[in-house]
Amino acid sequence: MIYTQIRAFDAVARAGSFSRAAEVLGVTQPALTIQVKALEERYGVKLLLRQGRSVQLTELGARLFQMSRRLAGLEEQIRETLAASHELEQGQLRLAVDGPHIVMGIFARFLARHPGIGLSVALGNSRFVRQELLDRRADIAIVPGVDGHPQIHAVPLWHHKGVVIVARHHPWAERTEIDLAELDGQPMVGREDGSMTQRLVDEALARAGAAPRPVLELGSREALCEAVGAGLGIGIVWELEAHGAARLVTIPIAGDGLRSTDYVACLKSEWMRRSIKAFFQVALALPGARSDIAALRAAP
């Protein structure tokens, strides 16, 4: 019985509300409420605080949620181990990525090879994606800046080079190259706090001695490209992100001023799950991937 109660608590904590958790589990909201309340009453503790239709974890609830996420991961490993077939036939993987532009090809190949595995995807900036993985809300992350973390197994996937983007009517639209120092004093559209891209852009501009004039801060690269296309300022994105933007002109940056690496990553404690290893294999076999496939054989 306590396992059922912990599973109910985990679903509510992960979904952020009783109603959304009930939909995920396929049960009624009153039944879910009874399970969580029974768990709290059994031990005389408070795990969740209701705030309107949402819930907030207490300090004890946050600690239990970390453990319930590990339990959910172990349950998935057990399910995979006991599967009748040696092939991956069914299951679910939760992914967190910092942009759709780099992952759709991986998703297409993975689903073609493993049609019984469902994928759910959360999108956000680098800070959000990394935390989703550490909080066990995601099984796999594709994001820069996670190499070297003691809890994370990360393998380099792609290397990116930064480019300047301007509107087609901008005076620089005919340029074939831009030195970052030329951005000093120029109106610039940037990303929000927590964006790994923005941090790298700021560092590269500082090295070049350039201090652009910020005019707009946006929460996604798609919004940034739209703002630049509308003539609100200059932007910097990774070369792959600017493809297909009809209202934009992409200009290479002189030298090696701005580069980044995306990693495919999972928690070290989850590395033995067959579905996770299968996703890594598909990702690293994709044309253009920069990693040695031998990295898949290395246990974290």
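Not measured: the values here are computed from a predicted model.

1. Some remarks on the overall build of the protein
Per the secondary structure count, the protein includes nine helices and eleven strands. Projected onto the principal axes, the alpha-carbon positions of the protein cover approximately 70 × 45 × 35 Å. Buried positions account for 46% of the 300 residues belonging to the protein. For the protein, restricting intrachain contacts to residue pairs at least 6 apart in sequence, the fraction spanning at least 24 positions comes to 76%. Considering the protein, the positive charge centre built from 35 side chains and the negative charge centre built from 33 side chains are found 6 Å apart.

2. Here's the deal with the environment of phenylalanine 110
Within the fold, phenylalanine 110 resides in helix 5 (residues 104-113). With a relative accessible area of 0%, phenylalanine 110 lands in the buried category. In this structure the C-alpha to C-alpha distance between phenylalanine 110 and valine 166, which are 56 residues apart in sequence, comes to 35 Å.

3. Observations concerning the packing of aromatic side chains
Evaluated as defined, the whole model comprises three aromatic pairs. Note on phenylalanine 110 and phenylalanine 279: the rings are 5.4 Å apart at their centroids and 55° apart in plane angle, and the pair reads as tilted. Taken together, the residues span a long stretch of sequence, with phenylalanine 110 in helix 5 and phenylalanine 279 in helix 9 (residues 274-285) at a distance of 169 residues. Accessibility classification places phenylalanine 110 together with phenylalanine 279 in one group, the buried group. Between tryptophan 271 and phenylalanine 280 the ring centres are 5.0 Å apart and the planes differ by 75°, which places this aromatic pair in the edge-to-face class. As far as burial versus exposure is concerned, tryptophan 271 and phenylalanine 280 are alike and both buried. Members of the aromatic cluster, connected to one another through ring pairs, are Phe107, Phe110 and Phe279. A cation over a ring is seen here: arginine 175 above tryptophan 172, with NZ or CZ 5.8 Å from the ring centre.

4. A look at unusual backbone geometry
Positive phi, close to 65°, is recorded for arginine 136, a residue that is not glycine. Counting through the fold element by element, arginine 136 comes out in the loop between helix 6 (126-134) and strand 5 (140-144). Assessed through its relative accessible area of 11%, arginine 136 is described here as buried.

5. Re the packing of helix 1 (residues 2-15) against helix 2 (residues 18-25)
Orientation of helix 1 relative to helix 2, taken along the N-to-C sense of each, is 120°, at an axis distance of 8 Å. The angle between helix 1 and helix 2 falls in the class oblique. For the crossing formed where helix 1 meets helix 2, the hand is right-handed. Residues Arg7, Ala8, Ala11, Val12 and Ala15 of helix 1 touch helix 2, and the partners they reach there are Phe18, Arg20, Ala21 and Leu25. Here the contact of helix 1 with helix 2 is built from residues that sort into seven nonpolar, no polar and two charged.

6. Looking at the pairing of strand 4 (residues 117-123)
Alignment of strand 3 (residues 91-97) against strand 4, held across seven bridges, turns out to be parallel. When the sheet's bridge partners are listed, glycine 91 is paired in strand 4 with isoleucine 117. Each parallel crossover has a hand, and the one from strand 3 via helix 5 to strand 4 is right-handed.

Definitions and cut-offs
Residues numbered from 1 in each chain as written. Predicted model: local features only at pLDDT ≥ 70, side-chain atom pairs only at ≥ 80, totals over all residues. Heavy atoms only, no water. Helix = DSSP H or I, 4+ residues; strand = E, 2+ residues; numbered from the N terminus. Buried < 20%, exposed > 50% of the residue type's maximum accessible area, 1.4 Å probe, protein only. Contact = heavy atoms within 4.5 Å. Lys, Arg positive; Asp, Glu negative; His and termini not counted. Charge placed at Lys NZ, Arg CZ, Asp CG, Glu CD. Phe/Tyr/Trp six-rings, centres within 6.5 Å; stacked < 30°, edge-to-face > 60°. Lys NZ or Arg CZ within 6 Å of the ring centre and 35° of its normal. Axes fitted to C-alpha atoms, helices over the stretch in contact; angles between N-to-C directions. Parallel < 35°, antiparallel > 145°, perpendicular 65-115°, else oblique. Left-handed = near helix turned anticlockwise from the far one by under 90°. Nonpolar A, V, L, I, M, F, W, Y, C, P; charged D, E, K, R; others polar. Pairing = 2+ DSSP bridges. Right-handed = clockwise from strand over helix to strand, strands pointing away.

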